[in-house]
Amino acid sequence: MNKLSNLFKENNLKLTPQRYAIYNYLLGTKSHPSAEMIYEALRPHYPTMSLATVYKTLNTLIELGLVQQLNVGEDNFRFDAKAESHPHIVCLGCGRVDDINELELDHINQIAQKYTNYKISSSKVYFYGLCAECQEQEKGDR
C-alpha cells in the first residue's frame, strides 16, 4: 500500500478507495479480468463507482507501469497486475487467459531485431489453444 500511495503522490494523483480496490482486485486474481468483470466484482462494495471510473483507473495504472493491458483478440481487452513482460495463453473455447510462467522469451526481441532496422523495446506474446476444461468438453461432444 505504501509503494502504491507513494507512486500516486509522486505523480500528483489521488489514491481513492476505488482506485486502491481496483488495483488490489487485480493483484488478488490470476484470471486477467476485463474492465467489465472488475466493475461487476467491485460493484457490491462500491455501488456508486461507475464503469468509466474503472476504465480511467486502469489507464492510470497502465501509465504508472503497475498493470498491463492484454489484447486477446476482437477488442477483448484484459488486465494483468503482473506488469513485467511475460507470455500468455488464451483459450479459444471459453476465452480464459493464463500466464505462462517460467517460459523466458526475452531473447526474441534480439532475434527479431536482426531481421529489421528497428530497435525493439518490447514485445507481447500470445499463444492460443484449448484449456483442459474445453478439451474435456470437446471430447464429450463427440
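Below, the structure is looked at part by part. Worth saying up front: this structure is predicted, and the values here are computed from it rather than measured. (Residues numbered from 1 in each chain as written. Predicted model: local features only at pLDDT ≥ 70, side-chain atom pairs only at ≥ 80, totals over all residues. Heavy atoms only, no water.)

## What to know about the sheet that holds strand S3 (residues 88-91)
Strand pairing in a sheet takes place through backbone hydrogen bonds and is either antiparallel or parallel in direction. Applicable threshold: For two strands to count as paired, DSSP must find a minimum of two bridges between them. Only runs of H or I of at least four residues qualify as helices and only runs of E of at least two qualify as strands under DSSP, and these elements are numbered from the N terminus. Inter-axis angles, ranging from 0 to 180 degrees, are taken between N-to-C directions of lines fitted to C-alpha atoms, where helices are fitted over the stretch in contact.
Read across the open sheet, the three strands follow the order S4-S3-S5; overall the sheet is mixed. Of all strands in the sheet, those with a lone pairing partner are strand S4 (97-99) and strand S5 (126-129), marking the two edges. Strand-to-strand twist in this sheet, taken as the mean axis angle between neighbours without regard to direction, amounts to 25°. As defined by bridge partners, S3 adjoins S4 across three bridges and the pair is classed as antiparallel. Of the residues in S4, the one forming a bridge with His-88 is Asp-99.

## What about the packing of helix H2 (residues 17-27) against helix H3 (residues 35-42)?
Formally: Oblique is the label for any angle not covered by the other classes, which are roughly parallel (under 35 degrees), roughly antiparallel (over 145) and roughly perpendicular (65 to 115). Contact criterion: two residues are considered in contact whenever any of their non-hydrogen atoms come within 4.5 Å of each other. Ten residue types, Ala, Val, Leu, Ile, Met, Phe, Trp, Tyr, Cys and Pro, are classed as nonpolar, four, Asp, Glu, Lys and Arg, as charged, and the remainder, Gly among them, as polar.
The N-to-C vectors of H2 and H3 enclose an angle of 110°; their axes lie 11 Å apart at closest approach. Here H3 runs roughly perpendicular to H2, going by the angle between their axes. Along its contact with H2, which presents Ala-21, Ile-22, Tyr-25 and Leu-26, the element H3 presents Ile-38, Ala-41 and Leu-42. Of the residues that constitute the contact of H2 with H3, the class distribution is seven nonpolar, no polar and no charged.

Any link to function would need more than the numbers given here.
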